[in-house]
Amino acid sequence: MRINIYGISSLLGGILGAVFLKKAERNVYEFALQHPSLSPAEAFSLQLNIGLSYAKQRKYKQATEYFDRVFHEQIQQGFIYDPSFTKVIQAYLKSNQKEKAKQVLSIMLCNKGKDKRYKKLEKEFSFLLD
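Position labels on residues start from 1 in each chain and follow its written sequence. In keeping with the predicted nature of the model, local features appear solely for residues at pLDDT of at least 70, side-chain atom pairs appear and are counted solely at 80 or more, and the whole-chain, interface and lining totals rest on all residues. Hydrogens and water molecules were not included; the side-chain quantities draw on all heavy atoms of the structure.

J.: How would you explain helix α2 (residues 40-56) if you had to name every residue and give the values?
T.: The end-to-end C-alpha distance of α2 is 24 Å, a good match for the 24 Å that 17 residues give at a rise of 1.5 Å each. Think of it in three bands: residues with accessible area under 20% of the maximum for their type are buried, residues over 50% are exposed, and the middle band is partly exposed, with areas taken using a 1.4 Å probe on protein chains only. Secondary structure elements are defined from DSSP: runs of H or I of at least 4 residues count as helices, runs of E of at least 2 residues count as strands, and each element is numbered from the N terminus. For α2, the complete set of buried residues consists of Ala43, Phe44, Leu46, Gln47, Leu48, Ile50, Gly51, Leu52, Ser53, Tyr54 and Ala55. Each residue after the first adds 1.5 Å to the expected span of a helix.

Written out as structure tokens, the structure reads:
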């Protein structure tokens, strides 16, 4: 049996590169958050992306810390629907924060009159609704 060392090393390099790229990406986003001229929508997007990158790595506690900032700061401004909102609710559930998941879902569903796509969240997470 011949082992292709080049193939194994490139595979491992790709996997490790993807992990470090995400960490570097998060660092850039966190640095960008400190810029004073960011609009609220830009800050929202950066924080959401940082949280999603933590969720992809199954670091749900860190992810929800960023999601908390997003939904605490942007509660009055409303949200444009984003398919990643499903991952946000799942991150809260996976970090054993069911009550927070309910709160964030209810915040999101306040926008379903403006955008019918929120009904997807309502259907998927109906078990969280009282």
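J.: Residue-level account of the confidence of the model for the chain, with values.
T.: Put simply, the chain has an average pLDDT of 79, and 79% of its residues get 70 or more. Across the chain, element-level confidence peaks in helix α4 (residues 85-94) with a mean pLDDT of 95 and bottoms out in helix α1 (residues 5-33) with 60. Think of pLDDT as the predictor's per-residue confidence, scored from 0 to 100. By definition in these notes, contact holds between two residues if any of their heavy atoms fall within 4.5 Å. With pLDDT under 50 throughout, residues 1-19 is counted as low confidence; its partners more than four residues away or in other chains account for two contacts.

J.: So, α4: which residues are in play, and what are the values?
T.: Phe85, Thr86, Val88, Ile89, Ala91 and Tyr92 are the residues of α4 that are buried. Just past α4, the residue asparagine 96 takes up positive phi, approximately 60°.

J.: Could you give me a rundown of the packing of α4 against helix α5 (residues 98-109), with the residues and numbers involved?
T.: Axes here mean lines fitted to C-alpha atoms, for a helix over just the part in contact, with angles spanning 0 to 180 degrees between N-to-C directions. Relative to each other, α4 and α5 sit at 160°, their axes nearing to 7 Å. For the element pair α4 / α5, the angle class is roughly antiparallel. The segment α4 lies against α5, with Phe85, Val88, Ile89, Tyr92 and Leu93 engaging Lys98, Lys100, Ala101, Val104, Leu105 and Met108. Under this scheme an angle from 65 to 115 degrees is roughly perpendicular, one under 35 degrees roughly parallel, and one over 145 degrees roughly antiparallel; angles in between are oblique.

J.: Give me the environment of cysteine 110: which residues, what numbers.
T.: Checked against the element boundaries, cysteine 110 lands in the loop between α5 and α6 (118-124). Sequence spacing of cysteine 110 and phenylalanine 79 is 31 residues, and the spatial spacing of their C-alpha atoms is 9.2 Å.

J.: Describe the packing of aromatic side chains, listing the residues and the values that go with them.
T.: Stacked, tilted and edge-to-face pairs are distinguished by plane angle, under 30 degrees for stacked and over 60 for edge-to-face with tilted covering the rest, among Phe, Tyr and Trp rings (Trp via its six-membered ring) whose centres lie within 6.5 Å. Enumeration according to the criterion identifies six aromatic pairs in this entry. A ring pair is formed by tyrosine 54 and tyrosine 66, whose centres lie 6.0 Å apart and whose planes are at 20°; its orientation type is stacked. Of the two residues, tyrosine 54 sits in helix α2 while tyrosine 66 sits in helix α3 (residues 60-73), which places them twelve residues apart along the sequence. When the ring of tyrosine 81 is compared with that of phenylalanine 85, the centres are 6.2 Å apart and the planes differ by 80°; the resulting orientation is edge-to-face. Accessibility classification places tyrosine 81 together with phenylalanine 85 in one group, the buried group.

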